[in-house]
Amino acid sequence: MDVSFLEPVFAAPGPYATVCADVTHTTENADTELELRVRGITGRLTEQGAPEAVVEAVRGLLLQGNDGGAAGTLKGRAVVVASDGSVVLDEPLVDAPLREVAEFAPQPDLLPILRQLPGRVPHVVAIVDRVGADISYLGLPGQPEEEKTVDGETFRLRKVKVGGWAHDHWQNSVEEQWEDNAERVADEISSYARRRSPQFVLLAGDVRARSILADRANGGWKDLVVSMDEGGRAAGADREPVERRAAELVAEHEAREIARVVEQIEGAAAHGLALTGTAPVVEALRKSQVETLVLADEQDDEKLLVGSSPLELGVSQSDMEALGSQEVHSEPGERALIAAAVASNAGVVVVPRTALPGDIPVAAVLRYTDASTPSAQ
């Protein structure tokens, strides 16, 4: 996963309040239930020394469901608030959190959030008819969803039964109009393909319109097209089947990516572009060699030492002395590793611990190796 959306978190002043909360708002007593859950969360933050501005920022976000806000449609929500009360992360979760988090600490507790973020595979969804399309782009965390409606000409769209030459001419004119409208939709999707590099393009809606549009897919997205029969643009049409299919495709892409990364890790000894174990991964992060940091969803209670920047990190005091670090403090290992990954523009993938070889908690896929790169441990 591209974790560049976490850059504002580490750019803000700590300590941080990290919250993963159940904000389900679907029962008759939803307002009261949510109020009680939020009261418990904010009370824990206050007990840990969170300033009032931080507590109020958390409270306001989590209670949006009681005001009829967007949070009312969510089941889980992840929030990080900096010490000055600024909201530096606010993301929906796939479901109610597996474990509620309410912590005020020097570093944000991001692993539970990364475990439960909804699938963030950039993709385009186009619901089409013979006039145009409703197009949505859904991308990475921190990227707003983009939506666009494309409507072409509606004149002479219906084929009619007439005879002879006039019949053929009329039929051809209607087909040409459909094709012109599809061309406009194709141009918009091509723009998304150039700018956003989607992993798939889901086409739903009118079967003839989908066929014409697919014929106009260019090399930038032709091989990305997935078509489905359900869905339509008409007022009141049920979009749920389209959303469900998009979610299935996202999950499939995520599963393939995890399998690819695990395969690379398992073959580390053979090709040398992967490492396992905390010490070698720490060294690779210091040198910005890591392309993808791989973390098990269940971590050991391991601590790392960190200096004045995220890439000044080590497993022992001798590491820090070699780096010339003057100010050294201890942090939970996974928090220091995530901060270093963000600082070095590495991706982060969270996988089940059982999927990693040797029951290890940490691994990495590398951008490059050099003479000092340690072998896999």
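In what follows, the structure referred to is the one given above.
Notes on the structure in this doc start here. (Residues numbered from 1 in each chain as written. Predicted model: local features only at pLDDT ≥ 70, side-chain atom pairs only at ≥ 80, totals over all residues. Heavy atoms only, no water.)

## What about the sheet that holds strand 14 (residues 329–332)?
Selection rule: At least two bridges found by DSSP between two strands are what make those strands a pair. For helices the rule is a DSSP run of H or I covering at least 4 residues; for strands it is a run of E covering at least 2, with both sets numbered from the N terminus onward. Working rule for contacts: check all heavy atoms of both residues, and any pair within 4.5 Å makes them a contact. In this analysis, axes come from line fits to C-alpha atoms, helices being fitted only over the stretch in contact, and the angle between any two N-to-C directions falls in the range 0 to 180 degrees.
Strand order in the open sheet made by the 3 strands is 13-12-14, with antiparallel pairing throughout. Whereas interior strands pair on both sides, the edge strands pair on one side only; in this sheet they are strand 13 (313–314) and strand 14. When strand 12 (residues 303–306) meets strand 13, the two strands line up antiparallel, connected through 2 bridges. Of the residues in strand 13, the one forming a bridge with Val306 is Leu313. The strands touched by helix 11 (residues 333–343) are strand 12, strand 13 and strand 14; relative to strand 14, the strand with the most contacts, the crossing angle is about 95 degrees.

## Thoughts on helix 7 (residues 240–266)
Stated formally: Any helix carries an expected span of 1.5 Å times its number of residues minus one. Here's how the labels work: a residue is buried when its accessible area is under 20% of the maximum for its type, exposed when over 50%, partly exposed in between, all with a 1.4 Å probe on protein chains only.
The terminal C-alpha atoms of helix 7 lie 39 Å apart, and with 27 residues this matches the ideal 39 Å at 1.5 Å per residue to within 8%. All of the buried residues in helix 7 are Pro241, Val242, Ala246, Leu249, Val250, His253, Val261, Val262 and Ile265.

## Concerning the nonpolar core
Grouped burial of nonpolar side chains is what soluble globular proteins tend to show. Where we set the bar: The term nonpolar core refers to a set of buried residues drawn from Ala, Val, Leu, Ile, Met, Phe, Trp, Tyr and Cys, joined through side-chain atoms within 4.5 Å.
One finds Leu6, Leu114, Leu293 and Leu337 to be the most contacted residues of the largest nonpolar core, which totals 42 residues. With 6 residues, helix 11 is the single largest residue contributor to this core. Membership of the second largest hydrophobic core comes to 20 residues, among which are Ala21, Val54, Leu61 and Val79.

## A closer look at the side chain of Gln289
Examined against the element boundaries, Gln289 turns out to sit in the loop between helix 9 (278–286) and strand 11 (290–296). Setting aside chain neighbours within four positions, we find Gln289 in contact with Ala284, Val365, Leu366, Arg367, Tyr368, Thr369, Asp370 and Thr373.

## Brief notes about the pairing of strand 2 (residues 76–81)
Of all 6 residues in strand 2, 6 are buried; the element is thus mostly enclosed. The alternating pattern of strand 2 places Gly76, Ala78 and Val80 on one face and Arg77, Val79 and Val81 on the opposite face, and all of these are buried. Bridge analysis of strand 2 against strand 3 (residues 87–93) gives 6 bridges, and the strand direction is antiparallel. Looking at the pairing, Val81 lines up with Val87 of strand 3. In this structure, the hairpin formed by strand 2 and strand 3 is closed by a connection of 5 residues, where Gly85 is found at a positive phi of approximately 90 degrees.

## Side note on unusual backbone geometry
A cis geometry characterises the amide bond from Gly14 onward to Pro15, with omega recorded as 0 degrees. By the element assignment, Pro15 lies in the loop between helix 1 (7–11) and strand 1 (16–22). Of note, the phi angle at Ser197 is positive, near 50 degrees, even though the residue is not glycine. With respect to the secondary-structure elements, Ser197 resides in the loop between helix 5 (164–196) and strand 8 (200–205). A positive phi angle, close to 55 degrees, is found at Ser288, a residue other than glycine. Within the element layout of this structure, Ser288 appears in the loop between helix 9 and strand 11.

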